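# Observations on the three-dimensional arrangement
Here's the letter readout for the chains.
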Amino acid sequence: MTQSPKKLHIKTFGCQMNAYDSERMAEALQPAGFELTEAMDDADLVILNTCHIREKAAEKVYSELGRVRLNKEARKARGRDTMVAVAGCVAQAEGEEIIARAPVVDIVVGPQSLHRLAGLVADAAKGKRPVETEFPADGKFTALPKRTGGKRQVSAFVTVQEGCDKFCTFCVVPYTRGAEYSRPASEIVAEVEQLASLGVREVTLLGQNVNAYHGDGEDGAAWSLARLLARLAKIPSIARLRFTTSHPRDMDDDLIALFGDEEKLMPYLHLPYQAGSDRILAAMNRKHTAEEYERLIERIRAGRPDIALSTDIIVGFPGETDEDFQATLDVAKRVGFAQAFSFKYSARPGTPGAELDGQVPEPVKKERLAVLQAQLEDSRRAFDHATVGRRLPVLFEGKGRKPGQVAGRSPYLQAVYVDGPETLIGHIAEVDISAAGPNSLTGVMNAGFEWREPIRAAV
Ligand code: SAH
Ligand code: SF4
Ligand code: F3S
């Protein structure tokens, strides 16, 4: 019996690892006859892939479930059934509670159990409401089907490491994603080769603690992230490599050196420092001082002076004084970040930070965040403006906002728009950067530039 295709809608919250997981869920459901749709009201199965990192993120799930319920009722009136699944880190953290609180939900599935989704959908079709939040012993990655690259992608994510053993006192990740796990190198190489054969040119390796990667290598030894990146750089049609997120404690010499040595490794590093005061860093259990962080930045810049640095910062961690906050501003000023993500501290249930005395009042956090973000924005603009007048290789990923425009990324991950043909998509071309806008750069193609790359040779 051939089944008519069923429609699947996935809404993704949170980090890039969730974006990756969403792609894998879509692929895992393909054999069961599900096709992706952008329109929720068209979908027979709606998956919310959720984030638990801050209170606001977790709350979004319940407001979104309100919309999902209305959609389900409207479809019901048209004689259509809708199945609803909650996946991701809220699913992991709250499990049964979601089933109790939200009658609209049919399935709850944690990030480590994605490969069991098709089975859970079959159970739900029989009227069960399965909750799967174990950390199963059977390998998720080996059980998932091969990548099919649903959308035609130029740039793709590949999770290489999951979970975290660092236990920063503010963070839920060690609880929602579990213990640190590194995928074997051979599995990653096969996945990247498969993506390359689908036309992917850039791969970003993902992990909550990606530079703690220590998977089994192809030679049987444990490989570091630097070894893995060097191996992936040998795949001919992969032109660019990136990785995120790193922890300052795990930046080893080989990885630092690779920024200078490996042409395919892009000069961009996301390295959270969270706070500039050593007292706060200790209370956060970050395991480094502000000075150690800045020394590390100096070493990285010595090998790759033009590197674009990005970071995460939290303001208003319990006990943070005005002086502590000033120290955070000072570090940011001295480093000069090209990009930064900053947050008000959010007390998360079950984390040690939530129990600490000296919780900072909301208005103080708000004020500090505004001051910090203004400074970070100046720094970002300064970085962007410094690229005006330079000739940069841009990897084109898609159409631009205006007709006749194509959009791509500079090595520093800046969005770049130029007038040019769509045939450029999937290729690297040199662009003379002429202006920096609020969120992107514009430029003109270097007229003398000759393409050295065959058009989508790998497809
Ligand atoms: N693994 C990464 C980041 C994980 S979460 C790392 O080690 O840095 C992404 C960012 O969210 C963190 O870097 C931190 O800045 C922020 N974050 C995490 N928990 C938070 C909380 N409870 N309140 C506010 N921000 C938080
Ligand atoms: Fe969270 Fe810290 Fe682990 Fe990053 S290193 S995921 S902030 S516990
Ligand atoms: Fe959020 Fe989970 Fe990522 S809590 S930030 S989706 S690891």
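## Re the site of ligand 1
Close to ligand 1 lie 15 residues, the nearest being Phe170, Gln208, Gln274, Asp312 and Ser346. Interatomic distance of 2.6 Å between a backbone N/O atom of Gln208 and a nitrogen atom of ligand 1. Compared with its free state, where it exposes 540 Å², ligand 1 has 90% of that area covered by protein. At the level of secondary structure, the elements contributing two or more residues to the shell around ligand 1 comprise β13 (308-315) and β14 (339-344). Across the shell around ligand 1, the residue classes break down as 6 nonpolar, 4 polar and 5 charged.

## Notes on the sheet that holds strand β2 (residues 34-36)
Strands sit in the order β2-β1-β3-β4-β5-β6 across an open sheet of 6 strands; the sheet is parallel. The sheet is open, and its two edges are formed by β2 and β6 (131-132), each paired on a single side. Sitting on the sheet, helix α2 (residues 55-77) touches β1 (6-12), β3 (45-50) and β4 (83-87), and the angle it makes with β3 is about 175 degrees. In the packing of helix α5 (residues 117-125) onto the sheet, the strands contacted are β2, β3, β4, β5 (107-109) and β6, and the crossing angle to β5 comes to about 160 degrees.

## Here we look at the site of ligand 3
Contacts to ligand 3 come from Cys15, Asn18, Thr50, Cys51, His52, Ile53, Cys89, Arg177 and Gln208. Broken down by class, the residue content of the shell around ligand 3 amounts to 4 nonpolar, 4 polar and 1 charged.

## With respect to helix α12 (residues 290-303)
Each α-helix winds once per 3.6 residues, and so residues spaced three or four apart point in a common direction. Under the 1.5 Å per step criterion, the end-to-end length of α12 is 21 Å for 14 residues, consistent within 8% with the ideal 20 Å. In this structure, the buried residues of α12 make contact with α10 (253-261), β12 (268-270), α11 (278-283), β13 and α13 (322-335).

Each value, and the rule that gives it
- Residues numbered from 1 in each chain as written.
- Chains lettered and ligands numbered in written order.
- Predicted model: local features only at pLDDT ≥ 70, side-chain atom pairs only at ≥ 80, totals over all residues.
- Heavy atoms only, no water.
- Near = heavy atom within 4 Å.
- Polar contact = N/O pair within 3.5 Å; in protein donor to acceptor, adjacent residues only side chain to side chain.
- Areas by Shrake-Rupley, 256 points an atom, 1.4 Å probe, with all protein chains shown as cover.
- Helix = DSSP H or I, 4+ residues; strand = E, 2+ residues; numbered from the N terminus.
- Nonpolar A, V, L, I, M, F, W, Y, C, P; charged D, E, K, R; others polar.
- Pairing = 2+ DSSP bridges.
- Contact = heavy atoms within 4.5 Å.
- Axes fitted to C-alpha atoms, helices over the stretch in contact; angles between N-to-C directions.
- Expected span 1.5 Å × (residues − 1).

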